[in-house]
There are 2 protein chains.
Amino acid sequence: MINPERVLGDLKYLRTIGGFKTGVHRPTLSKEDIFVRQWLVEQMREAGLDAAIDGIGNILARTDVAGRIMLAGSHIETQNHAGWLDGALGVIYALETARAVREDRSLHGVGVDVAVFCDEEGHFGSFLGSRSFIGVVDEAEIDRAKHVSIGTPLREALAAAGYAGRPRFVIDPSRYVGFFEAHIEQGAVLETSGNRIGVVSGIVGFWQYRIMAEGEQNHAGTTPMELRRDAGLALVRLLNAVDVRFPALAAPRTVWTTGKISLDPGARSIIPGRAEALFQFRDTDVAVLERLENALHELVKEANAAGPCALSVMRVSASEPARMDERFTKVLAKVAQQEVPGRFIHMPSGAAHDAQFIAQKLPTAMMFVPSIKGISHHWTEDTSEEDIVLGAKIFANSIVLALKARRP
Amino acid sequence: MINPERVLGDLKYLRTIGGFKTGVHRPTLSKEDIFVRQWLVEQMREAGLDAAIDGIGNILARTDVAGRIMLAGSHIETQNHAGWLDGALGVIYALETARAVREDRSLHGVGVDVAVFCDEEGHFGSFLGSRSFIGVVDEAEIDRAKHVSIGTPLREALAAAGYAGRPRFVIDPSRYVGFFEAHIEQGAVLETSGNRIGVVSGIVGFWQYRIMAEGEQNHAGTTPMELRRDAGLALVRLLNAVDVRFPALAAPRTVWTTGKISLDPGARSIIPGRAEALFQFRDTDVAVLERLENALHELVKEANAAGPCALSVMRVSASEPARMDERFTKVLAKVAQQEVPGRFIHMPSGAAHDAQFIAQKLPTAMMFVPSIKGISHHWTEDTSEEDIVLGAKIFANSIVLALKARRP
């Protein structure tokens, strides 16, 4: 039903707008990003959809079908110097599904709306587009938002794009059967396990912490071991204790990571007086997240009881895990089983996606295609054309099957 | 025999040249440093010594006594925004000893030369003054030397000071009975233990390493624990293993320190692909240093056998420990015991000093006075006037006793 050449053609065209080596550099509201948004609107209109860009850069393309409607989409901007498919794949899958559904004369009373959520990649904020679409971004948040590295106010960028002053789209849940998003896996689970489709079971909750150690800065030559309060060593001991204790408390797919460690002052011959780590863990189950948080606090307490440094832990953020709709998940699995028998798996999404916010308003599904070598957020990110086309087919067919299914 | 007012007066005067808060900012060959060197030469000449500044900024002041001569001294420049006594104390003790010995009509056939070694604090290089004095700095090293932060070539700074083209002093070991240096402790051992004098048993050897871990950079959400090669975690485990294994291998006064840890790329949600630590240990016994180095290599080997990352360790530098002369050490202990019975200790110097280079040519001794709260290399560094005067007395009396002593 879908047109493979059209899918690959659109993706390859998008790859040329902001092209960087074999990837793409197209940050939110850059010249290239604004150009691409307008280009998408034109493709949507050509497909017979009523498309527009709103006051925060979101695109919504509506079908005129009166009947059961599915919302589908993703984001179109990229990380800096990143891959060609992250975001774009899900947008073009949604657009192609909308086109194919309209073209299929055998389908009656079903349609697809396409949404393109602005700034999923967080150049200006945290999921501003999808959060705006579910109605949780107020004007004050937009007033405050600035480009994280350049500092340009979001208001200024929106004005330069010509979007300022436009109303913002807000979801009408009564219009939709649900929401489907496709995305590259951004990991190596599919490739490593020899599978070609990932049916997302849920999107992980993602809890982040600053772990701080306070000791006493001193000369590394003249301070005997027994007089030291080495904040760096205290942090190393704690992170090692986390490594020892977490496996028994974690679920099979839980992940935890220390992304950054800094010792202050961080000089060769000075005992660090302060040390800090950025630490996080992710799971689809809140009970697991809470268990790990409790364990982290216990380990800090034990470390402080042992001394000689003062450790503390501060939660920086905590997102709720998002459940995927069970009926949709079954539909994706059924279609995948038809196309590639035995070569799909159910898996959590370890990365955050717009779908986790839309899931607060609609039954939601997500589907992954393999990332070659698991590479993501890098210009070498890639997926084979065969997998891209297979993914488009399973995505579109699943949406149609879900639209045709009677509610239980 | 020494004149306490003269000692305190000179130190308080020096404190005003480059004064910063209650400390001093007088980097090597700064305007203030050059002024102070000339001032010292004048004080030395007033004391009847034949004093001059050489082609690398070293000052040597020679007595005209024909007899047993002791060399004494330290350095005069400071770290940036650092303390008033680090270096200056040892210089003024030496100058005062030379003066007092000349003034004492009861002393015959003994004298003291005073040396002020340039750039002990390493603004341009590594112990350039004392190493030049023992003949191990060639012209090419001076050609290459640049200010570590500003980049000014040492040649330029020497020319601006008026020292360029002068010959450099080289030690004549046959002239001297030995070398004495006094210094602030730069640690809290004396204060903590309630002692007032540290008789230095040896200057530690100081071995430095880069420990590197190589893993695979990946997304912290989408990469399952079992597929990870987390370089940061590998480094944390190794540093923790060092913390567990080193105590049993170390001598009572061995110290080891991780001064810096960096994870690459060091971002919240990215599994570090590379990690690095700056690590060092110090001891007065080469056998201990070798044992620790072997243990470090063993731990790296064990970590590599366990996987999944590749660890490696590179020795960055290794200085030899310097022994202090036993007869001199006994003299210092004897004089200290007379002045403050039971309130002195034998201790290694954990910091490097000019004395460790002079020790390659002469029997050498070092003596410490307490640092309040152990603070060093900071403008709050301080020592009580009572301790300063006591130290000057013990230093001078020890030199006289050592000069008078018959060789065994």
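Aligned on chain B, chain A shows an RMSD of 0.2 Å; the corresponding rotation is 180 degrees and the shift along the axis is 0.2 Å. Classification of the inter-copy transformation places it as that of a two-fold axis. Distance from the rotation axis, computed per C-alpha, reaches its smallest value in chain A at valine 236 of chain A: 2.8 Å.

Residue and element names in this part refer to chain B. Judged by pairing direction, the sheet is antiparallel, and its four strands sit side by side in the order E11-E13-E9-E14 without closing on themselves. Looking at the sheet topology across the chains shown, the edges are occupied by strand E11 (255–264) and strand E14 (310–318). Across the sheet, the axes of successive neighbouring strands diverge by a mean angle of 15 degrees, strand direction being ignored. As defined by bridge partners, E11 adjoins strand E13 (residues 274–283) across nine bridges and the pair is classed as antiparallel. Opposite threonine 257, over in E13, you have glutamine 280 as the bridge partner. Across the face of the sheet, helix H9 (residues 286–306) comes into contact with strand E9 (205–214), E11, E13 and E14 while running at roughly 160 degrees to E14.

The next point concerns the environment of alanine 157 of chain A. Residue and element names in this part refer to chain A. Position of alanine 157 among the secondary structure elements: in helix H6 (residues 154–161). The exposure class assigned to alanine 157 is buried, which follows from the 25 C-beta atoms found within 10 Å. Distance in space between the C-alpha atoms of alanine 157 and histidine 81 is 20 Å, their sequence separation being 76 residues. Not counting chain neighbours up to four residues away, the residues in contact with alanine 157 comprise Leu29 and Thr152.

The subject of this paragraph is helix H8 (residues 231–249) of chain B. All names here are of chain B. The first and last C-alpha atoms of H8 sit 27 Å apart over 19 residues, in line with the 27 Å expected at 1.5 Å per residue. Along H8, the sharpest kink reaches roughly 25 degrees, centred on aspartate 243 and followed within four residues by the proline proline 247. Here H8 has its buried residues at Ala231, Gly232, Leu233, Ala234, Leu235, Val236, Arg237, Leu238, Leu239, Asn240 and Val242.

Residues and elements named next belong to chain B. Along strand E8 (residues 197–203), six of the seven residues are buried, which leaves the element largely enclosed by surrounding structure. Summarising the sheet, E8 and strand E16 (residues 344–349) pair through six bridges and their orientation is parallel. The residue bridging glycine 202 from the neighbouring strand is proline 348, located in E16. Bridging between E8 and strand E17 (residues 364–369) involves two bridges; their strand directions are antiparallel. Considered in E17, the bridge of glycine 198 is made with phenylalanine 368. Relative to strand E15 (residues 322–323), E8 is paired through two bridges, and the arrangement is antiparallel. Residue pairing for E15: isoleucine 203 is matched across the bridge by alanine 322.

Residue and element names in this part refer to chain A. Sheet architecture is open: four strands sit in the order E11-E13-E9-E14, paired in antiparallel fashion. One side of each edge strand has no neighbouring strand; the edge strands of this open sheet are strand E11 (255–264) and strand E14 (310–318). Ignoring which end each strand starts from, the neighbouring axes of this sheet average 15 degrees apart. As paired strands, strand E9 (residues 205–214) and strand E13 (residues 274–283) are joined by 10 bridges and run antiparallel to one another.

Helix length check: helix H12 (residues 385–404) of chain B (20 residues) gives 29 Å between terminal C-alpha atoms against 28 Å at 1.5 Å per residue, within 8%. In terms of residue burial, H12 of chain B counts as a mostly covered element, since 15 of its 20 residues are buried.

With that settled, consider the confidence of the model for chain A. Scored by pLDDT, chain A has a mean of 96; 99% of the residues are at 70 or more. Interface predicted TM-score (ipTM) for the complex: 0.87; the corresponding pTM is 0.86.

A few words on the environment of alanine 275 of chain B. Residue and element names in this part refer to chain B. Of note, alanine 275 is situated in strand E13. By C-beta crowding, alanine 275 is classed as buried, having 27 other C-beta atoms within 10 Å. The spacing of alanine 275 and glycine 57 is 218 residues in sequence and 41 Å in space, taken between C-alpha atoms. In this view, alanine 275 contacts Ala213, Ala231, Gly232, Ala234, Leu235, Ser262, Leu263 and Asp264; residues no more than four positions away in its chain are not counted.

Glancing now at the domain arrangement of chain A. Frequently, the measure chosen for interface size is the accessible area that the parts lose on association. Residue and element names in this part refer to chain A. The domains assigned to chain A are domain 1 (4–204 + 321–404) and domain 2 (205–318). The gap between the C-alpha centroids of domain 1 and domain 2 is 37 Å. Each partner contributes residues to the interface: domain 1 has seven residues there, and domain 2 has nine residues. Split into classes, the residues belonging to the side of domain 1 that touches domain 2 amount to four nonpolar, three polar and no charged.

Let us now look at the interface of chain A and chain B. Every contact between the two is made by 48 residues of chain A and, on the other side, 47 residues of chain B. Broken down by secondary-structure element, the contributors of at least two residues to the side of chain A that touches chain B are helix H7 (189–193), E9, strand E10 (218–219), helix H8 (231–249), E11, strand E12 (270–271) and E13 of chain A. In terms of residue class, the side of chain A that touches chain B is made up of 20 nonpolar, 21 polar and seven charged.

Residue and element names in this part refer to chain B. When you line up the elements, valine 65 lands in the loop between strand E4 (59–62) and strand E5 (68–74). Looking at valine 65, the number of C-beta atoms within 10 Å reads 17, which means it is partly exposed. In this structure the C-alpha to C-alpha distance between valine 65 and aspartate 285, which are 220 residues apart in sequence, comes to 38 Å. Leaving out residues up to four positions away in the same chain, valine 65 has contacts with Gly109, Val110 and Gly111.

All names here are of chain B. Direction vectors running N to C along H8 and H9 enclose 140 degrees, while the axes themselves pass 10 Å from each other. Seen from above, H8 lies across H9 with right-handed handedness. Counting all contacts with H8, which are made through Ala234, Arg237, Leu238, Ala241, Val242, Arg245, Phe246 and Leu249, the residues of H9 involved are Arg291, Leu292, Ala295, Leu296, Leu299, Val300 and Ala303. Of the residues that constitute the contact of H8 with H9, the class distribution is 12 nonpolar, no polar and three charged.

Okay, unusual backbone geometry next. Residue and element names in this part refer to chain A. Each neighbour pair has its own omega, and for aspartate 264 with proline 265 the value is 10 degrees, a cis peptide bond. Tracing the backbone through its elements, the reader meets proline 265 in the loop between E11 and E12. The residue after glycine 307, namely proline 308, is reached through a cis peptide bond having omega 0 degrees. Topologically, proline 308 is positioned in the loop between helix H9 (286–306) and E14. Positive phi values are uncommon outside glycine, yet glutamine 186 reaches one of about 65 degrees. Along the polypeptide, glutamine 186 turns up in the loop between strand E7 (176–184) and H7. Classification of glutamine 186 as buried rests on a count of 25 C-beta atoms within 10 Å. We note that histidine 377 has phi near 55 degrees; this positive angle belongs to a residue other than glycine. Structurally, histidine 377 can be placed in the loop between strand E17 (364–369) and helix H12 (385–404). On the basis of neighbour counts, which here come to 21 C-beta atoms within 10 Å, the residue histidine 377 falls in the buried class.

Conventions adopted
Residues numbered from 1 in each chain as written. Chains lettered and ligands numbered in written order. Predicted model: local features only at pLDDT ≥ 70, side-chain atom pairs only at ≥ 80, totals over all residues. Least-squares fit on C-alpha atoms with pLDDT ≥ 70 in both. Pairing = 2+ DSSP bridges. Helix = DSSP H or I, 4+ residues; strand = E, 2+ residues; numbered from the N terminus. Axes fitted to C-alpha atoms, helices over the stretch in contact; angles between N-to-C directions. Contact = placed C-beta atoms within 7 Å. Buried ≥ 20, exposed ≤ 12 C-beta atoms within 10 Å, placed from the backbone. Expected span 1.5 Å × (residues − 1). Bend = angle between axes of the 7 residues up to and from the residue. pLDDT = per-residue confidence, 0-100. Domains from an automatic or database assignment. Nonpolar A, V, L, I, M, F, W, Y, C, P; charged D, E, K, R; others polar. Left-handed = near helix turned anticlockwise from the far one by under 90°.

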